[in-house]
Amino acid sequence: MSKEHQKKKLQRGLDNRHIQLIALGGSIGVGLFYGSSATIQMGGPSILLSYLIGGLVIFTIMRALGEMAVDEPVSGSFSSYANRYLGTFAGYLTGWTYWFMWVVVGMAEISVVGVYVNYWFPDTPNWLVALVVLIVFTMVNLANVKAYGEFEFWFALIKVVAIIGMILFGLGIIFFGIGNGGQPIGIDNLWAHGGLLPNGINGMIMSFVLVMFSFGGVELVGITAGEAKNPQRSIPKAINNVIWRILIFYIGALGIMMILYPWDKIGTNGSPFVLIFDKVGIPGAANLINFVVITAALSAFNSGLFASGRMLYNLSLQNNGPKFFGKLSKNGSPRRGILFSSLFLLVAVFLNYVVPEKVFMYISAVATVAVITSWTIILLTHLKFRKSKSKAEIGKLAFKMPLYPVSSYLALAFLAFVIVLMGFIKDMRIALIVAPIWFLILYIGFNIKKRNNNR
């Protein structure tokens, strides 16, 4: 291996504890703390079933990615696998779309931080908050990977502890009346306002779109494989914990939320987590939760900037992106990719200035299509990955995907169904216009690159 190639290697500076918390940090952000308001309005209490079904699909996707990541732990993860098993265009499409997804998700994250800050400082413009967050976290990501991992560990830990605390505290209110004058609330709110399916089966089905958006980021653990000290141990552990994260942090937290407060009273003005504790009348709790949801959004934004920089670096190594992004800084950080991503994130600052009331729904719609594209390619790549292996090689795989290939085909069908559903939601249709334009841009870009390489 040449010295030049060695210099291009990312540092394996992430410990097991970093990997576990980064996996949490990427998947618990605005989709849960802010986007859950819109999801609840769509399906009411039935969204708990939506999250369970969507969670099983996500677990299937993660096991497919995990099988490949443990067998071949590389930087860039599924973009690198797609490039190898589906062809160079698939690697090009996957890498750039995943970069695009994290830039768009980053826009959503910093957009809602302004909403949270408004809880304390109503006159602070959202665009100003977004700009400050962008500058601060760009600087954090320019540090080495161990510094990033340490920062993300503590940020993610805050929201994990807070959600568990909220669940335990909520159970105390429900069954023992703690903080409610000793009067237990009970669980009647789950069905007392129109039943478990207040908007019918259609309401539950339509909620799948925002449910899947909220899961965006779980695949981030695959990106960390190239910088994990012991990927064969840390990656399977992080992926197997996905199902518990979904049960506790999504179904558990939202279930408590809708028991404490009637689902039809939970609006979209701020985080429902804050609104609940504010209404229950517990002194200081709403301020604490508001602090937590801010750290949650910042944590997810931090993870997204990490992922986007690494994806541009990997695209460069695959010859699917400019060589400009293939150079690392002295501390082993893909600085150029991070700065390029930050430049695009300025669009969120502009959107918060122009259309602050619509920015979250528009951005989440585009992000949903982008992440579903990435998940689809993970599943398709895994199908080719398996077919490329002999029976002996399959037998040696350390982290096999369960119920293969039936689980793969069911997951692919579900993802296609979610895309179709987006056409029936007015504010989501914009994504079905943006997505084909984005794919056309990538197709043209790939062919220009191919033509230049053949000269």
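Throughout this document, residue positions are counted from 1 along each chain, in the order its sequence is written. Owing to the predicted nature of the model, reporting of local features is limited to residues with pLDDT of at least 70; listing and counting of side-chain atom pairs is limited to 80 or more, with chain, interface and lining totals taken over all residues. Hydrogens and water molecules were not included; the side-chain quantities draw on all heavy atoms of the structure.

Undergrad: Sorry, what's going on with helix H16 (residues 285-317) here?
TA: Since the α-helix turns once every 3.6 residues, residues separated by three or four places project in the same direction. Runs of H or I in DSSP of at least four residues are treated as helices and runs of E of at least two as strands, each being numbered from the N terminus. Expected helix span is given by 1.5 Å per residue-to-residue step, counting one fewer step than there are residues. For H16, which comprises 33 residues, the first-to-last C-alpha distance of 48 Å matches the rise-based estimate of 48 Å (1.5 Å per residue) to within 8%. Remark: exposure states derive from per-residue accessible area (1.4 Å probe, protein chains only) relative to the maximum for the residue type, with buried under 20%, exposed over 50%, and partly exposed in between. Within H16, 29 of the 33 residues are buried, which leaves the element mostly enclosed by the surrounding structure. Positive backbone phi, at 65°, marks Asn-319, one or two positions downstream of H16.

Undergrad: For this particular structure, what's the right way to read the confidence of the model for the protein chain?
TA: Regions with low pLDDT should not have their predicted coordinates read in detail. For every residue, the predictor reports its confidence as pLDDT, a number between 0 and 100. On average, the protein chain scores 79 in pLDDT, and the residues at 70 or more come to 82%. Put simply, helix H1 (residues 3-7) is where the protein chain has its lowest mean pLDDT, 40, and helix H20 (residues 406-422) is where it has its highest, 94. Note on contacts: a residue pair is in contact if any heavy atoms of the two residues lie within 4.5 Å. pLDDT under 50 marks residues 1-8. Its contacts with residues more than four places away, or in other chains, come to 6 contacts.

Undergrad: Would you explain unusual backbone geometry in this entry?
TA: As a rule of thumb, non-glycine residues mostly have phi less than zero, and peptide bonds are mostly trans rather than cis. Each neighbour pair has its own omega, and for Tyr-404 with Pro-405 the value is 0°, a cis peptide bond. Positive phi is not limited to glycine here, since Leu-403 has a value of about 55°. Looking at the element boundaries, Leu-403 is found in the loop between helix H19 (391-396) and H20. By relative accessible area, which is 70% here, Leu-403 ends up exposed.

Undergrad: Got a minute to help me understand the environment of Leu-93 in this structure?
TA: Within the secondary structure layout, Leu-93 lies in helix H7 (residues 88-120). Residue classification places Leu-93 among the buried residues on the basis of a relative accessible area of 15%. Remark: the alpha-carbon pair of Leu-93 and Phe-446, spanning 353 residues in sequence, is separated by 8.5 Å. Leu-93 has contacts with Ile-377, Phe-439 and Leu-442, leaving out every residue within four places of it along the chain.

Undergrad: I tried to follow the packing of helix H5 (residues 47-71) against H20 on my own but got confused; where do I start?
TA: Between two packed helices, what matters for the description is the angle formed by their axes and the separation of those axes. Between H5 and H20, the shortest axis-to-axis distance is 10 Å and the interhelical angle comes to 125°. One way to sum up the angle between H5 and H20 is to call them oblique. In this structure, H5 crosses over H20, and the sense of that crossing is left-handed. For the pair H5 and H20, the contacting residues are Ile-53, Gly-54, Val-57, Thr-60 and Ile-61 in the first and Ser-407, Ser-408, Ala-411, Phe-414 and Leu-415 in the second. Three classes are used, and their members are as follows: Ala, Val, Leu, Ile, Met, Phe, Trp, Tyr, Cys and Pro are nonpolar, Asp, Glu, Lys and Arg are charged, and the others, Gly among them, are polar. Taken together, the residues of the contact of H5 with H20 sort by class into 6 nonpolar, 4 polar and no charged. Think of each axis as a best-fit line through the C-alpha atoms, taken over the contacting stretch in the case of a helix, with angles from 0 to 180 degrees between the N-to-C directions. Oblique is the label for any angle not under 35 degrees, not over 145, and not in the 65 to 115 range, which are roughly parallel, roughly antiparallel and roughly perpendicular in turn. Crossing handedness: left-handed means the near helix sits turned counterclockwise from the far one by under a right angle, and right-handed means the same turn made clockwise.

Undergrad: Help me understand the pattern of salt bridges in this model?
TA: A side chain of one charge can pair with a side chain of the opposite charge if their charged atoms are brought near each other. Salt-bridge detection follows one rule: a side-chain nitrogen of Lys or Arg within 4 Å of a carboxyl oxygen of Asp or Glu. With the rule as written, the count across this model stands at 2 salt bridges. One salt bridge in this structure joins Lys-389 and Asp-71, with 3.2 Å as the shortest N-O distance. Remark: Asp-71 occurs in helix H5 and Lys-389 occurs in the loop between helix H18 (359-387) and H19; sequence separation between them is 318 residues. A residue is classified by how much of its surface remains accessible, and Lys-389, at 19% relative accessible area, is buried.

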